[in-house]
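Descriptive analysis of the structure
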Amino acid sequence: MIRIKNKWVWDFWLTMHNNLYFCYFLQANKSLVNPDLRHNNVTQGLATSTDLINWEYHGTVFSPSEVENFDDYTTWTGSILKDKNSKWHYFYTGRSKKEKGAKQRIGHAHGNTPYSFERCGNGLALDLDKVIYEEFSENGYWKDRAMRDPWVMKHPLKNKYIMAYTARASINEDPYQCGVIGMAESNDLYEWKSTKPLFGGLFSQLEVPQIFTVKDRWYCLFCNHPEDWSNEFKKNYNGPTRRGTHYLIADKFEGPWQLAPGPYLTTNSKVELYAGRVVEKDDKFFFMAFLHNDQNDNFIGEISNPIPITFDKNGLMSLEFN
């Protein structure tokens, strides 16, 4: 597992290159003492592995801008992919000091290897489309503008790219039913245009999305806290009240997307598994997540070993804990 003696690590994203797994993650110094302070004192680290279990730490790979910019306060969760010309594209969440971190935006850096990246221009890839998504308001219900956790991949049906991200949209009178999986499209990974949300209506936020397909079914992972759950969701929910990772499911990418039935995917874990990712290894699928709180509600800040996933006849996932 990824455990760094003097740092907490949390949200992460993975890629593979030359039979080596690359894991990028948020990190903060334990000298902060209070783990709640990690969000505003964050850099991004890198570790590599051949087996997803034994990791070599490479230190800091990306940090907030040193000059005034949309991302000079924090650089948060993202994703990475390689284009047809073997250029590596690194997407991330940025917040600025000038705005006191209230507005989140999507950033973009690139590099010739998966070990280092430079911002594309000032790094801004996508700002909020106020027609589709909910803007920040000083007098609004929320104290920030949600636009983060970009997951970028090739479009499954068209010759372009898609980006899924955490956002809100004014789709319901209840603010706790306005969290959505935002979407955008690009022809070249540099110019992006927002499109309608993939899903929404049950939560105030759906964090850290990951879209993938297994055996002709489509999945979208997300995570959140019980305080993000709407009354509409809670009245039909039959699982424990704890933070964790769950997923949406669809028979085709175009939808309709629905919330997977039953308790959260991570319900049976002894510790809270947050910001989960699905990774393929040796033609099998595994789940990894960062260890959030233990059974005594203490923050952990480590990344788990891979957990085998099984799929039933309806495509529903379950985790095979030891």
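Structure report, in brief. (Residues numbered from 1 in each chain as written. Predicted model: local features only at pLDDT ≥ 70, side-chain atom pairs only at ≥ 80, totals over all residues. Heavy atoms only, no water.)

**Here's the deal with the overall build of the chain**
Broken down by element type, the chain carries one helix and 21 strands. Taken over C-alpha atoms, the radius of gyration comes to 18 Å for the chain, in line with the 20 Å a tight globule of 322 residues would show. Residues classed as buried in the chain amount to 57% of the 322 residues present. For the chain, restricting intrachain contacts to residue pairs at least 6 apart in sequence, the fraction spanning at least 24 positions comes to 53%. Within the structure as shown, the chain displays about 15,100 Å² of accessible surface, and the carbon and sulfur contribution to it stands at 44%. The averaged location of the 39 negative side-chain charges in the chain is 1 Å from the averaged location of its 37 positive side-chain charges. (Helix = DSSP H or I, 4+ residues; strand = E, 2+ residues; numbered from the N terminus. Rg over C-alpha atoms; globule rule 2.2 N^0.38 Å. Buried < 20%, exposed > 50% of the residue type's maximum accessible area, 1.4 Å probe, protein only. Contact = heavy atoms within 4.5 Å. Areas by Shrake-Rupley, 256 points an atom, 1.4 Å probe, with all protein chains shown as cover. Lys, Arg positive; Asp, Glu negative; His and termini not counted. Charge placed at Lys NZ, Arg CZ, Asp CG, Glu CD.)

**Overview of the pairing of strand S12 (residues 192-200)**
In this sheet, S12 lies alongside strand S11 (residues 179-186) in antiparallel orientation, the contact comprising six bridges. Within S12, the position partnered with Ser-186 by the bridge is Trp-192. In this antiparallel pair of consecutive strands, S11 and S12, the connection spans five residues, and Leu-189 shows a positive phi of 75 degrees. (Pairing = 2+ DSSP bridges.)

**Some details on the pattern of salt bridges**
Throughout the structure, instances matching the rule amount to 16 salt bridges. Ionic pairing is found between Asp-127 and Arg-105, a salt bridge with its closest N-O pair at 3.1 Å. A residue pair is termed long-range when its members are at least 10 positions apart, and Asp-127 in the loop between strand S8 (116-126) and strand S9 (147-154) and Arg-105 in strand S7 (residues 105-113) qualify at 22 residues. A network of salt bridges, in which partner residues are shared, links Glu-99, Lys-103, Arg-105, Asp-127, Lys-130, Glu-135 and Arg-145. (Salt bridge = Lys/Arg side-chain N within 4 Å of Asp/Glu carboxyl O.)

**Some thoughts on unusual backbone geometry**
Here the bond from Gly-255 into Pro-256 is cis, since omega is 5 degrees, no more than 30 degrees from zero. Position of Pro-256 relative to the elements: it lies in the loop between strand S15 (244-250) and strand S16 (258-259). Phi at Val-33 is positive, roughly 75 degrees, even though this residue is not glycine. Counting through the fold element by element, Val-33 comes out in the loop between strand S2 (20-29) and strand S3 (43-49). The residue Asp-283 is not glycine, and still its phi comes out positive at about 65 degrees.

**Here's the deal with the sheet that holds strand S6 (residues 88-95)**
Spatial ordering of the open sheet is given by S5-S6-S7-S8, a layout of four strands whose pairing is antiparallel. Two strands bound the open sheet, and with one partner strand each, they are strand S5 (74-82) and S8. Between one strand axis and the next, the sheet turns by 25 degrees as a mean value, whatever way the strands run. Pairing of S6 with S7, which is carried by seven bridges, proceeds in the antiparallel orientation. By the bridge assignment, Thr-93 is partnered in S7 with Ile-106. (Axes fitted to C-alpha atoms, helices over the stretch in contact; angles between N-to-C directions.)

**Let's talk about the state of the cysteines**
In total, this model carries zero disulfides according to the counting rule given. You can see Cys-23 has no disulfide; the closest cysteine sulfur is in Cys-223, sitting 15 Å from it. Counting only cysteine sulfurs, Cys-220 is the nearest neighbor of Cys-178, a cysteine outside any disulfide, at a range of 18 Å. Taking relative accessible area as the criterion, Cys-178 reaches 3% and is therefore assigned buried. (Disulfide = S-S within 2.5 Å.)

**Focus: the nonpolar core**
In terms of nonpolar packing, the biggest core is built from 40 residues, with Tyr-24, Phe-25, Trp-55, Tyr-90 and Ile-303 touching the most fellow members. Contacts of Tyr-24, omitting those with residues within four sequence positions, involve Asp-11, Phe-12, Trp-13, Thr-15, Gly-45, Leu-46, Val-61, Ile-80, Tyr-90, Pro-114 and Phe-117. Counting residues in each nonpolar core, the second largest holds 23 residues, with Met-153, Phe-222, Phe-233 and Leu-248 among its members. (Core = buried A, V, L, I, M, F, W, Y, C linked by side-chain atoms within 4.5 Å.)

**Side note on the side chain of Gln-205**
On the secondary structure map, Gln-205 appears in the loop between S12 and strand S13 (207-214). Residue classification places Gln-205 among the buried positions, given a relative accessible area of 11%. Here Arg-148 takes part through its side chain, which lies 2.4 Å from a polar atom of the side chain of Gln-205. When neighbours within four sequence positions are excluded, Gln-205 is seen to be in contact with Arg-148, Thr-166, Arg-168, Gly-179, Cys-223, Asn-224 and Asp-228. (Polar contact = N/O pair within 3.5 Å; in protein donor to acceptor, adjacent residues only side chain to side chain.)

**Remarks on the environment of Ala-184**
Among the structural elements, Ala-184 can be located in strand S11. For Ala-184, a relative accessible area of 0% translates into the label buried. For the pair Ala-184 and Ser-194, spaced ten residues apart in sequence, the C-alpha separation works out to 3.9 Å.

**Side note on the sheet that holds strand S14 (residues 217-224)**
Here four strands make up an open sheet; going across it, the order is S13-S14-S15-S16 and the pairing antiparallel. In the strand order of this sheet, the two ends are held by S13 and S16, each with one partner. Here S14 runs beside S15; their pairing, made up of seven bridges, is antiparallel. The residue of S15 that forms the bridge with Tyr-219 is Ile-249.

Shape descriptors only; they carry no functional weight alone.
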